[in-house]
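# Survey of secondary and tertiary structure
Residue strings, one per chain:
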Amino acid sequence: MLNSTNYTRTIWSRDAYTVPTGTNLYGKHPIYFDHRGDLGTHGVFLLNSNGMDIKINNTAADGQYLEYNTLGGVLDFYFLAGPSPVRVAQQYSETVGKAALMPYWGLGFHQCRYGMRDVYEVAEVAADYSAAGIPLETMWTDIDYMYLRRVFTLDPNRFPLYLVQELVDHLRTHEQHYIVVVDPAVACQNYPAFNKGVQDNAFMKWSNGSIYQGVVWPGVTAFPDWFAPSTQGYWGSEFSTFFDSTNGVDIDALWIDMNEASNLCPFPCTKPETFAILASDPPRPPPIRLGSPRPITGFPTDFQPQCKSRITFNVQATTFFGEDILVQGNVVTLGAGDMSNAVMLSPADYSIWSMLINVPANTSVSYSYVRWKGGASYMYESQNRTVTTGGCGSSQTVHDNITTAFAPHKRDETALGVTSAVSGIQERQAVQGAVKGLPGRNYLFPPHHINNAAGNLSSATMNADLMHVNGLAEYDTHNLYGTMMPAASGISMENHRPGRRPLVITRSTFAATLGAFFTFYRGHAEAGKDPQEFYRWPRVAEGAKNAIGARYNVQYGGNANQGGNQNGSGHGNGYTAGGYTYHWGNQGDRGHGEGADR
């Protein structure tokens, strides 16, 4: 229930990490239900994609009121007569469209965690749920699977394709499912997803035709223009290649994140390359492991511990602020020439930097220490050192002194773009001449302000003065961006799994994106925090088994989903029967019966 006194609800999609109370969040649904006791319930829906403040108050002078303060757009109101809350919900669904019918297995329990270091850890979590007898329907992987956080890539050392395919095969054999995340931002790097997007004119551009750049997890990024006629073909092509059922990662559903669109580079982001370096985007991946450190029950040989040795590297090195020490060498776990895989040492015992690293057994390991100030700013030692490893399971320690030194340096705070961002740029419109919407508007600094918790309209997102290929301003369409990506991805999922219900989980939404009202059940944890899998605590594990078992037996979620799909009410009449057979599997795995995703 909304606060009805001295309250402002701001509608402008933003990356609202931690979901602060009372602020604008990831999506926009400008509808309210007004319940007046015996007089009944009605609803009001404003179909307007612009940013706005909705003010609600009750004063002696004006009584109870609700006031729209919008930055622009049309005043397209829909009055939903009710008279009951259920009838208002049904009337709203008749206006914006019914909820999609999701695959039945999607109502089961899902598990995800940001910060899984490799495919072995994903497999181990799935196996541990099985061993604990906790029903797990779907395993997820966050951006950890990508090479340097680039969409439509796999990290070849931590998530090699053949092992990811073996993971998916294992899950399918146990009638479980697999989901990965895809973000809209595409790394501005020389790789197929970016090059094809440039070729197809699929990215947002400045008025001079250059590609608009922001910063997200992979560093400097471009953003798809979902209004461009070529973008659906571009996105679908990348989707069909990467998620190919034979030669790619054969996912069962898709998770979309960061699609407000989120931009980590503070407005006006005049130096995205420098900011990406200062922000450590992309972050340096964790050390490569040679096989799983422990046996993983039920998984094939490739997922079991491998023959390896271990070296603890220790180096004496004094450093300046913002400087780190890496170790690189001729074996894969030390990068083998790829500096993105050189290992960052720990300064926990400064000025000794150290790390325990897996290395191949019975091998001559050539290595050196590297000073690193972010990005491609490396200082190498002039000579390599050599150590020979022992047999399987052997370990040794080396103690060295670094032979290089950087000069003192200052951190370039101006690259953050936050000290004099507004005064340092020229207020302008991005396109001259005829555009859609009223002419002469100030998109960056409109005279009327809304209470955007991120600050300026362009803060933490794309610039509001950008023009889409069809002449629409981002100022007017920003709130649509988050729902256009899942729409395009839904088409791609249907092509990927023809004849089956597509499931797309999206963070940013707009009116008619009704997935937020589904009964969704997922465990998730942030990188760097304690893992939260249910099986880690006996009492939690027992509670999870009871709760998930009751959930499957009651079958409320499927009934509500069917009702939303058929009549918009959330009350179905028999979908849960459906003739499906559900069973627990032989080790706590949760399977679905034939037809459960059709």
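Residues numbered from 1 in each chain as written. Predicted model: local features only at pLDDT ≥ 70, side-chain atom pairs only at ≥ 80, totals over all residues. Heavy atoms only, no water.

This paragraph deals with the overall build of the protein chain. When helices and strands are tallied, the protein chain shows nine helices and 24 strands. Counting every position in the protein chain, which comprises 598 residues, the buried fraction comes to 52%. Relative to all contacts within the protein chain whose residues are 6 or more apart in sequence, the contacts with residues 24 or more apart total 71%. Accessible area of the protein chain: about 26,000 Å², with a carbon and sulfur share of 53%. (Helix = DSSP H or I, 4+ residues; strand = E, 2+ residues; numbered from the N terminus. Buried < 20%, exposed > 50% of the residue type's maximum accessible area, 1.4 Å probe, protein only. Contact = heavy atoms within 4.5 Å. Areas by Shrake-Rupley, 256 points an atom, 1.4 Å probe, with all protein chains shown as cover.)

One way to put it is that helix α5 (residues 231-242) packs onto helix α7 (residues 474-496) with a least axis distance of 9 Å and a crossing angle of 50°. Viewed along their axes, α5 and α7 adopt a mutual orientation that is oblique. Note that α5 runs across α7; the crossing there is right-handed. Contacts from Gln232, Trp235, Gly236 and Phe239 in α5 reach Met485, Ala488, Ser489, Ile491, Ser492, Met493 and His496 in α7. Partitioned by chemical class, the residues of the contact of α5 with α7 number six nonpolar, five polar and no charged. (Axes fitted to C-alpha atoms, helices over the stretch in contact; angles between N-to-C directions. Parallel < 35°, antiparallel > 145°, perpendicular 65-115°, else oblique. Left-handed = near helix turned anticlockwise from the far one by under 90°. Nonpolar A, V, L, I, M, F, W, Y, C, P; charged D, E, K, R; others polar.)

We now examine the state of the cysteines. On inspection of all chains with the given rule, the structure shows two disulfides. Sequential numbering of the bridged cysteines in the protein chain gives the disulfide pattern 1-2, 3-4. (Disulfide = S-S within 2.5 Å.)

With that out of the way, let us pick up the pattern of salt bridges. In total, this model carries 20 salt bridges according to the counting rule given. A salt bridge links Arg507 to Asp15; its shortest N-O distance comes to 3.4 Å. Residue Arg507 is found in the loop between β23 (504-506) and β24 (521-523), and its partner Asp15 is found in the loop between β1 (7-11) and β2 (31-35); the two are separated by 492 residues along the sequence. Sharing partners across several salt bridges, the network here consists of Asp15, Asp257, Glu260 and Arg507. (Salt bridge = Lys/Arg side-chain N within 4 Å of Asp/Glu carboxyl O.)

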